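Structure assessment
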Amino acid sequence: GGFCIELIKLGGDVVLYNSLWVAFGSALVFWGAMFVVHWRRRSAELRWDWAVDGLHKSERRNPTFQGKWVIDTESGLEKPKFSNWQRLPAFLNTAAQMVLQTLLLTAIEYISYSHYVWACETYDGVEGKWAIFKFQSMVLNSAIYVGCIMFGQYVLWSYIAAWCTRRENWPFQEQYDRQYV
């Protein structure tokens, strides 16, 4: 995709080139978030299916688990049983939180970029305003970006992630503790 966008730039259409880079970057952010969460979920399912987590009888059950426990015929251990309908809310929960997180990151990026554009239009090339331009475009813009990421992602999102993790319906307490959304 990026190569095709560069070919458009060589053709001379700079407006389309700039618009496509914003769309391409947004699509990459969304794809990356979807891929990471899907990979995390799939790896957890494979660890469970292949029994590589070493789940034993002594492991504590998650008290909030909503499902049935059955005896596995091969191992003789109790195993949680899920229907596809019981997994659907967990999938929808994960998809919704991924979209929300992507929107939050997009909003942070938009705020930071808007400030940078404003600083460039206001101070760049103005006689005697070089220091203010550098302060606005580098220091303050970085503070906005990092501050929004730190507050938005690590403070606010930790509460949303804890709420989402409770909705994942993990059968064992150790799984619940490790699979923090």
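From a predicted model like this one, the values you see are computed outputs, not experimental measurements.

Within the chain one finds 5 helices and 2 strands. From first element to last, N terminus to C terminus, the chain shows the α and β order α-α-β-β-α-α-α. Computed over its C-alpha atoms, the radius of gyration of the chain comes to 24 Å, more than 25% above the 16 Å expected for a compact globule of 181 residues. Across the 181 residues in the chain, those meeting the buried criterion constitute 25%. Across the chain, every contact between residues at least 6 apart in sequence was considered, and the portion connecting residues at least 24 apart equals 57%. For the chain, the exposed surface amounts to about 12,500 Å²; the carbon and sulfur share of it is 66%. The averaged location of the 16 negative side-chain charges in the chain is 9 Å from the averaged location of its 17 positive side-chain charges.

Turning to the confidence of the model for the chain, a few remarks are in order. Here the chain averages 78 in pLDDT, and 93% of its residues register 70 or above. The secondary-structure element of the chain with the lowest mean pLDDT is helix α1 (residues 2-11), recorded at 72, while strand β1 (residues 68-71) shows the highest, at 86.

As a further point, take the side chain of N62. Here N62 shows up in the loop between α2 (14-49) and β1. Setting aside anything within four residues of it in sequence, one finds N62 in contact with W170, P171, F172, Q173 and Y176.

Counted by the stated rule, this structure contains 2 salt bridges. The partner of E45 in a salt bridge is R42, and the shortest N-O contact between them spans 3.6 Å. A residue pair is termed a helical-turn pair when its members lie 3 or 4 positions apart in one helix, as E45 and R42 do in helix α2 at 3 residues. Residue class for E45 comes out partly exposed when judged on its relative accessible area of 31%. E78 serves as the salt-bridge partner of R61, at 2.0 Å between the closest nitrogen and oxygen.

The rules we used
Residues numbered from 1 in each chain as written. Predicted model: local features only at pLDDT ≥ 70, side-chain atom pairs only at ≥ 80, totals over all residues. Heavy atoms only, no water. Helix = DSSP H or I, 4+ residues; strand = E, 2+ residues; numbered from the N terminus. Rg over C-alpha atoms; globule rule 2.2 N^0.38 Å. Buried < 20%, exposed > 50% of the residue type's maximum accessible area, 1.4 Å probe, protein only. Contact = heavy atoms within 4.5 Å. Areas by Shrake-Rupley, 256 points an atom, 1.4 Å probe, with all protein chains shown as cover. Lys, Arg positive; Asp, Glu negative; His and termini not counted. Charge placed at Lys NZ, Arg CZ, Asp CG, Glu CD. pLDDT = per-residue confidence, 0-100. Salt bridge = Lys/Arg side-chain N within 4 Å of Asp/Glu carboxyl O.

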